Structures are given as structure tokens and as C-alpha cells.
Amino acid sequence: MNLSFFNQFTSPYLLGIPLILLSVLFPTLLFPTPNNRWITNRLSTLQLWLLNLITKQLMIPLNKKGHKWALILTSLMILLLTINLLGLLPYTFTPTTQLSMNMALAFPLWLATLLTGLRNQPTTSLGHLLPEGTPTPLIPALIMIETASLLIRPLALGVRLTANLTAGHLLIQLIST
Amino acid sequence: VLHTTRALHTAQQRLAPLPPLPEKGGEVRYGLIPEEFFQFLYPKTGVTGPYMLGTGLLLYFLSKEIYVINHETVAAACILSVIIYGIKKYGSDVAAFADKLNEEKVAKALSVKNEAIKDLETAIEQEKKEQWRVEGCKYLFDSKRNNVAMLLETNYRERLLTVYNEVKKRLDYQVAMQNLKRQKEQDHMIQWVERNVAQSITPQQQKESIAKCILDLKALSKTAQAAV
């Protein structure tokens, strides 16, 4: 198999069957479902410990109502962590290098946070558009700028992830020749 | 999801108690290949069989260019060496950490049990002490009873004494009254006798007695001079 520099970034196909779903779901195999036992094996214990650590770190600044986001944020974080780390191994495909996947993750989440903020506390969320302590003549301009940054945010986040991972993998390959 | 393993649904499904986890996982050689593979090949090819198989496969892939050496090979070599180095160096520490987490979990539960047992034991000891104290109470009550009896006795004697004293006072009074009365009568009688005697002395008698007295005195004075 002759490899170019970009084989890692092409969506894998085997005999015409797209394997992209398999490569996205593969990390779930590495985290076994916690069973009913009280004392588990070392792998489960370590994973549970890591999960607890991450969740605690994420949820400490939030009040009780914010803890609703714990599940999706922690699971998202663990998924991305595993996918990106696994991509470091040779001959692997990293799904997060595909712009489509990152956009698919970024847009709904960003939109969800925006709409939730607008629905529950409209004044506060609109108030975030203006930073504190701006001089009065600058206010219109600043509001335009903040709105633009808010709307660009999903694009920015998605592209950021894609670009970082692609650059990292390419760098590894370039150095190794 | 509970993983209940039954061989082909032969037995009833048992949800509790869970079967115990095996102590150690499956034996692997070089961290990748299970020991059963080596045992499987041992009867036909002996000890070096699997190694020959591995080397042969590798060389076959390389020579027939089924596996092309490319930039990823170098990357693979570097990454694998780093991973293996990390595992060798920190593997036992991580395992000990995981074991420590489990131990702490178990120890917390055990400590609850042990503390409950200790509390009950101290309660038992205190109960025994209280029972011993109750036995000692008997002596306490005896001495208290003695005390009370003594007090009663003392009180009774005191009151007896007061009664005696009172009675004596009254009797003394009566005796003193009688003495006084007799004394008075005596005095009165003496005075009456004296008065009557003094009244009965006539002047004639008085002169006679005085003259007699003077004669007596003279007679006495004669003898008295001689004595001096």
C-alpha cells in the first residue's frame, strides 16, 4: 500500500463500504460498561476515577442546575480525548480531522447553548454581548463586534479542532520521513 | 446491564450473589499474544514454533511488499517505543494506584463495620461496670441503714436524757419546797421561843441573874490571875 501524506485524512472505505461510523464508534469499545460489581478490575477502576476527576473539574464552578450538562459535556470530552489520542497510533484514521464531523459537533451544541440562554435568561445572555466598562461612544461598534464573534463561534471552534489535529498528524509524518 | 454468564441457558439466571471475579486475567506473553496460542502450537512445533511463525510472516510481508516500509513505519517505531517505555516504567505504579483505590473503598466500608463493633463493645463494658456498681450499692445501703439507726438511737437517748432532767427538776423543786417549808417553820419556832423567853424574863430575875454573874466573875478573876 503506497501511502501519501494524506492517507490518514481520507475517510476509510473497504470495498466501497464506508467505515467512518466504525472508526467513530471504536473508542466506545475501550470503555467497558460498568457492571453491577462494587469492586471492579483495574481498568474499570482507573476509568471511573478518571471520569470522576473530569466531571468534578467541569462541574465545580456550576450551581446545581448546571449539573444537567454534566453527562453530555463529560462524554463529549472523553470521546474527543480518546479519538484524538488513538489517532496518534500509526495507520489509524482520526475522525476529528474531518471538518464535517467537527461542524456536526459544534453547530448543534453552540446553537443549544445560545437558545437555552436566550430562552431562560434573555436579558443576561444579551447582556453578555457588551463587555463591562466600555466607554459610551464605542457601544454600538462593540455590540456589532460581539454579535459577529458569537455567530462565528461554531465555525471557529470546529475549524480549530480540525486544523489542530491535521497539523499535528502531518507534523508527525513529516518528521518521520 | 448485568453480565450473567450461563452455559447455553442450562441453569437458572441468578442475579445475586454475583459470581466472584477471577483473581488474575488471562496470561499474555509480550502483552499481546495470549498464552493459549503458544500452548496450542506447542505439540506440533515445540517451544520455538510461534516465534518462527511470527518471523516468517514478517519477512514474507516485507519481501513480497505486501507491507511497504513508509514514513508511518518510522512513526510506528517511535510511538511504540515510547508507549512500551512508559508502560514498563509506570505500569506497576498505576496498578498499585488502582489497587489502592479499591482498597480504600473496601476499607471505608470495613471501618464503618469496625467502628460499629467497637462502639458496641464499649457499650458492653460500660454496662458491665454499671452492673458491678449496682452490686456495690448493697454495701452502701447497709452503711446508710446503720447510719440512720445510729442517728435514731442517739436521738432517742438524748430525748430520754431530757425527760430525766425535766423530771429531776420537778422533783428537786418539790424537795426544795419541803426543805424551805421546814426551815421556815424551824426559824419561826425559834423566834417564837426566843421572843417568849425574852418576854418572860422579869426585872427581878434580871437583877438577880446580873448579881450572880458579877460574883461568878469575881471568883473567876481570882483564879485567872494566878494563871497569868
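Since the model is a prediction, treat every value here as computed from it, not as a measurement. (Residues numbered from 1 in each chain as written. Chains lettered and ligands numbered in written order. Predicted model: local features only at pLDDT ≥ 70, side-chain atom pairs only at ≥ 80, totals over all residues. Heavy atoms only, no water.)

Student: Lay out the overall build of chain B with the relevant residues and their values.
Tutor: Helices and strands together make up the secondary structure of chain B, namely 4 helices and 2 strands. In sequence order, the secondary structure elements of chain B are arranged as β-β-α-α-α-α. With 228 residues in all, chain B has 6% of them scored as buried. Element-wise, carbon and sulfur atoms account for 64% of the exposed surface of chain B, whose accessible area totals about 20,800 Å². (Helix = DSSP H or I, 4+ residues; strand = E, 2+ residues; numbered from the N terminus. Buried < 20%, exposed > 50% of the residue type's maximum accessible area, 1.4 Å probe, protein only. Areas by Shrake-Rupley, 256 points an atom, 1.4 Å probe, with all protein chains shown as cover.)

Student: I'd like to hear about the pattern of salt bridges, residue by residue, with values.
Tutor: Residues and elements named next belong to chain B. Applying the stated criterion to the full structure yields 9 salt bridges over all chains. Its salt-bridge partner being Glu166, residue Lys169 comes within 3.4 Å of it at the nearest N-O pair. Here the residue Lys169 and the residue Glu166 both occupy positions in helix α3 (residues 71-200), the gap between them amounting to 3 residues, near one helical turn. Residue Asp172 is joined to Lys168 by a salt bridge in which the shortest nitrogen-to-oxygen separation is 3.4 Å. Placement of the pair is Asp172 and Lys168 together in helix α3, with a separation of 4 residues, close to one helical turn. Overall, the relative accessible area of 39% leaves Asp172 in the partly exposed class. (Salt bridge = Lys/Arg side-chain N within 4 Å of Asp/Glu carboxyl O.)

Student: So what's going on with helix α1 (residues 35-45) of chain B? Residues and values would help.
Tutor: All names here are of chain B. Of all the positions in α1, only Glu35, Phe38 and Leu41 are classed as buried. Looking down the long axis of α1, one finds its buried residues gathered within 130° of arc, a one-sided arrangement. In this structure, α1 carries Glu36, Gln39, Phe40, Pro43 and Lys44 as exposed residues pointing more than 90 degrees from its buried face. Following α1 by one or two positions, Gly46 has its phi on the positive side, about 80°. (Arc of directions from axis to C-beta.)

Student: Could you give an account of the layout of surface pockets, with specific residues and numbers?
Tutor: Empty space among the atoms becomes apparent when a probe as large as a water molecule is rolled across them. All names here are of chain A. Space inside the second largest pocket adds up to approximately 1,400 Å³. When residues of the lining of the second largest pocket are traced back to their parent elements, those giving at least two are α4 (70-86), α5 (99-120), α6 (122-127) and α7 (139-176). Here the lining of the second largest pocket takes 11 residues from α5, the largest share from any one element. Its residues placed into classes, the lining of the second largest pocket shows 17 nonpolar, 14 polar and 5 charged. When residues of the lining of the second largest pocket are sorted by domain, at least three fall in each of domain 1 (1-94) and domain 2 (98-176). (1 Å grid on protein atoms, 1.4 Å probe; cavity = no way out; pocket = protein on both sides within 12 Å on 5 of 7 lines; lining within 4 Å. Points joined across faces, edges and corners; volume = space filled by probe spheres on them. Nonpolar A, V, L, I, M, F, W, Y, C, P; charged D, E, K, R; others polar. Domains from an automatic or database assignment.)

Student: Could you give an account of the packing of helix α3 (residues 42-59) of chain A against α4 of chain A, with specific residues and numbers?
Tutor: All names here are of chain A. Packing of α3 against α4 brings their axes to within 10 Å, and their N-to-C directions diverge by 125°. With respect to each other, α3 and α4 are oriented oblique. Remark: the crossing between α3 and α4 carries right-handed chirality. Here α3 contributes Leu51, Ile54, Thr55, Leu58 and Met59 to the contact with α4, which in turn contributes Ala70, Leu73, Thr74, Met77 and Ile78. Its residues assigned to classes, the contact of α3 with α4 comprises 8 nonpolar, 2 polar and no charged. (Axes fitted to C-alpha atoms, helices over the stretch in contact; angles between N-to-C directions. Parallel < 35°, antiparallel > 145°, perpendicular 65-115°, else oblique. Left-handed = near helix turned anticlockwise from the far one by under 90°. Contact = heavy atoms within 4.5 Å.)

So, to be careful, I would describe these as geometric facts and stop short of saying anything about function.
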